[in-house]
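Structural overview for review
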Amino acid sequence: DQTGRGMKIAIVDSGIEQTGPMFSDSGFTAPSDHGPWPKTNASTGGTYTNNKVIVARNYICPSSVAGSSCPLSTNNSIYDHSAVDGFGHGTFVASVAGGRSTFTPIGTTIAGVAPGAYLGNYKVFDSTGSGDDTAILQAISDAVADGFNVINFSGGGACGTLPLQDPQYGSAVKAAVNVGVIVVFPAGNDGPNGDFGCTIEGDNTIASPGELPDAITAGASTNSHTLAQAVRVLAPTPVPANLTAMAFSSSDTPPLNSTVGPAIAVDVVTVDSTRLACSALPAGSMSGKIVVISRGTCTFATKAYNAGNAGAIGVVFYDNVSESLIGLTTAGPPVPQIPSGLISLSDGANLTAFLAANPGQVQMRIDSAPELASQQADLVSDYSSRGPNPDFAIKPDLVAPGDMYGATQTTNADSSVIYDPTGFTYASGTSFATPMTAGSAAVLQQLRPTLTPHDIKSAIVNNTTMVTATQDGATISVMHTGGGRLNLPAAVATTLVSDPVSISFGPQ
């Protein structure tokens, strides 16, 4: 808890559920500067601070009375009238930036990058995740006035925006940096397999205000693990390491409520040369087996239905494109009666090769309980927005892991929010690469207090780990990675900084 000790990170987001264990104030004393603490505003609507989360400001509703006017809210729900986190995003972001070391329900211990830092709750997103530029700009200004060292805003708008087309944000960020405050923004989630919030996807999709030159803009890279159900090959031994725990995204119909197998696994190609199972399979051909089927052509529901009719007890689909695991529905019609789910393209290739080499001998199990499963680290995430800026400047400035397990809110169980009754969940996005970077900036400022925001940006951006590939298979470019993957120890150790941190020579 000494990492980042004394630094203050402002979380401009949807709020912070400060009662969670990652935000315990045990051993913390509110800082002495810029007091008195805690800081709140009239629309906080209750006490949402402690000696760890030292600010709670709500910009959504002017009144704490539910049902009153909320000019900055699209929702006007009971969660918009206080500083409570009704969306979950802000709590997750805060846990990544500065959450304390905590033992979690899945048996792991996690901590934010700067667990010793103070946090500020500047609530600008309502319980649908909607925000307003007026509120965001005011929150940034207030965080500067409150004496915060780092401002994390994990939000954004239109992509492909020139810095000079974002004058209000540009002025706010420049003013913050000029008085020594570090500002970190996300690159956006409009990469080749992203949210498609832009009219284009892939290159030239840096989200506003991430295009601003004074901010540190974080894209996302893959973590070394993911939280998922797992498919396990058990025999014949020795089982290749890459088949012992393949991440599995289970389908919704029927739900995977219990373990499937162990059972003999078979590639559907043994009875269907198309590998697709889009037509009826021979009766009894899959009796008691787990069948492996390629994605494509027909619906997942059709494939699982056909496998079940042939006697299978479960289905493992493998993707036909390189991407993050997707959620899938098998609600039909037709409605299958056996559980199924998806593994990645690369896992599918490894599994089908092992099946071909060991016909009739492969035993497999599908586990129902989510757990950490390995995946290839340090790939540019397929959803991460990519540069260049419209002015051909290099953005993102760097990438950092964007998929991880963290804290979330336990109040609003709406299906459209980041919620889990345990207070922890798995999520992905450049929104979460951003607090990885913000927490690192806070640690660096703690250790090197004479460095300016531009110095800290340079140390972080230009002392990274090289990233050599993308998750979606696109040819790697500095416009995908910036300097590379965040490497805090290297940033701390550097003795050389530069301003600007990068130079683009424009279109070639």
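Residues numbered from 1 in each chain as written. Predicted model: local features only at pLDDT ≥ 70, side-chain atom pairs only at ≥ 80, totals over all residues. Heavy atoms only, no water.

1. Observations concerning the packing of helix 2 (residues 133-145) against helix 3 (residues 167-178)
Two elements in contact, helix 2 and helix 3, have axes separated by 10 Å at closest approach and are oriented at 10°. By the angle class used here, helix 2 and helix 3 are roughly parallel. Mapping the contact onto sequence places Asp133, Ile136, Leu137, Ile140 and Val144 in helix 2 and Gln168, Tyr169, Ala172 and Ala176 in helix 3. Class assignment for the residues of the contact of helix 2 with helix 3 results in seven nonpolar, one polar and one charged. (Axes fitted to C-alpha atoms, helices over the stretch in contact; angles between N-to-C directions. Helix = DSSP H or I, 4+ residues; strand = E, 2+ residues; numbered from the N terminus. Parallel < 35°, antiparallel > 145°, perpendicular 65-115°, else oblique. Contact = heavy atoms within 4.5 Å. Nonpolar A, V, L, I, M, F, W, Y, C, P; charged D, E, K, R; others polar.)

2. A word on the state of the cysteines
According to the stated counting rule, one finds two disulfides in the structure shown. With a sulfur-sulfur separation of 2.0 Å, Cys159 is cross-linked through a disulfide to Cys198. Residue Cys159 is located in the loop between strand 7 (150-153) and helix 3, and its partner Cys198 is located in the loop between strand 8 (182-186) and strand 9 (216-221); the two are separated by 39 residues in the primary sequence. Shown here is the disulfide that connects Cys278 with Cys298, its sulfur atoms set 2.1 Å apart. Between Cys278 and Cys298, the disulfide has an S-S torsion of -90° and is therefore left-handed. On the criterion of sequence distance, the pair formed by Cys278 in the loop between strand 12 (260-267) and strand 13 (290-294) and Cys298 in the loop between strand 13 and helix 4 (300-309) is long-range, its members being 20 residues apart. On the accessibility criterion, Cys278 (26% relative accessible area) is partly exposed. (Disulfide = S-S within 2.5 Å. Buried < 20%, exposed > 50% of the residue type's maximum accessible area, 1.4 Å probe, protein only.)

3. Quick notes on the packing of aromatic side chains
Think of a pair of aromatic rings as described by two things: how far the centres are apart, and how the planes are tilted against each other in angle. The tally for this structure, following the rule as stated, stands at seven aromatic pairs. Between Phe28 and Tyr118, the ring centres sit 5.8 Å apart and the planes meet at 75°, which makes this aromatic pair edge-to-face. Separated by 90 residues along the polypeptide, Phe28 in the loop between strand 1 (8-13) and strand 2 (39-40) and Tyr118 in strand 6 (residues 118-123) bring together distant segments of the chain. Ring geometry for Phe92 and Phe432: centres 4.5 Å apart, planes at 45°, overall tilted. Of this pair, Phe92 sits in helix 1 (residues 89-98) while Phe432 sits in helix 6 (residues 430-447), and the two are 340 residues apart along the sequence. Among the residues examined, Phe432 registers a relative accessible area of 3% and is labelled buried. Aromatic rings pair up to connect Phe125, Phe153 and Phe185 into one cluster. The lysine or arginine in question, Arg5, covers the ring of Phe28, its NZ or CZ lying 4.1 Å from the ring centre. The aromatic ring of Trp37 is capped on one face by Lys39, whose charged end is 5.0 Å from the ring centroid. (Phe/Tyr/Trp six-rings, centres within 6.5 Å; stacked < 30°, edge-to-face > 60°. Lys NZ or Arg CZ within 6 Å of the ring centre and 35° of its normal.)

4. What about helix 6?
Compared with the 26 Å implied by 1.5 Å per residue over 18 residues, the 26 Å span of helix 6 between its first and last C-alpha is a close match. Burial analysis of helix 6 places 16 of its 18 residues in the buried class, the great majority of the element. (Expected span 1.5 Å × (residues − 1).)

5. So, the side chain of Thr494
By the secondary structure assignment, Thr494 is in the segment after helix 9 (488-493). Apart from the residues within four sequence positions on either side, Thr494 is in contact with Arg448, Ala459 and Asn463.

6. What about the packing of helix 6 against helix 7 (residues 453-461)?
Contact geometry of helix 6 with helix 7 gives a least axis separation of 10 Å together with a crossing angle of 115°. Handedness of the helix 6/helix 7 crossing: right-handed. Counted together, Thr437, Ser440, Ala441, Leu444 and Gln445 of helix 6 and Ile456, Ala459 and Ile460 of helix 7 form the full contact between these two elements. Of the residues assigned to the contact of helix 6 with helix 7, the class counts are five nonpolar, three polar and no charged. (Left-handed = near helix turned anticlockwise from the far one by under 90°.)

7. What to know about the pairing of strand 3 (residues 53-58)
Within strand 3, six of the six residues are buried, which leaves it mostly tucked inside the rest of the structure. Sheet topology note: the strand 2/strand 3 ladder contains two bridges and is parallel. In the strand pairing of strand 3, Thr40 is matched with Ala56. (Pairing = 2+ DSSP bridges.)

8. Here we look at the nonpolar core
Residues Ile9, Ile11, Phe23, Leu119, Val150 and Ile460 are the most contacted members of the largest nonpolar core, which totals 49 residues. When residues in this core are grouped by element, the largest group, eight residues, is from helix 6. Setting aside anything within four residues of it in sequence, one finds Phe23 in contact with Ile16, Glu17, Gln18, Asn50, Lys52, Val53, Thr91, Ala94, Ser95, Leu119 and Ala407. Within the second largest apolar cluster, 30 residues are counted, among which are Trp37, Ile151, Ala176 and Leu212. (Core = buried A, V, L, I, M, F, W, Y, C linked by side-chain atoms within 4.5 Å.)

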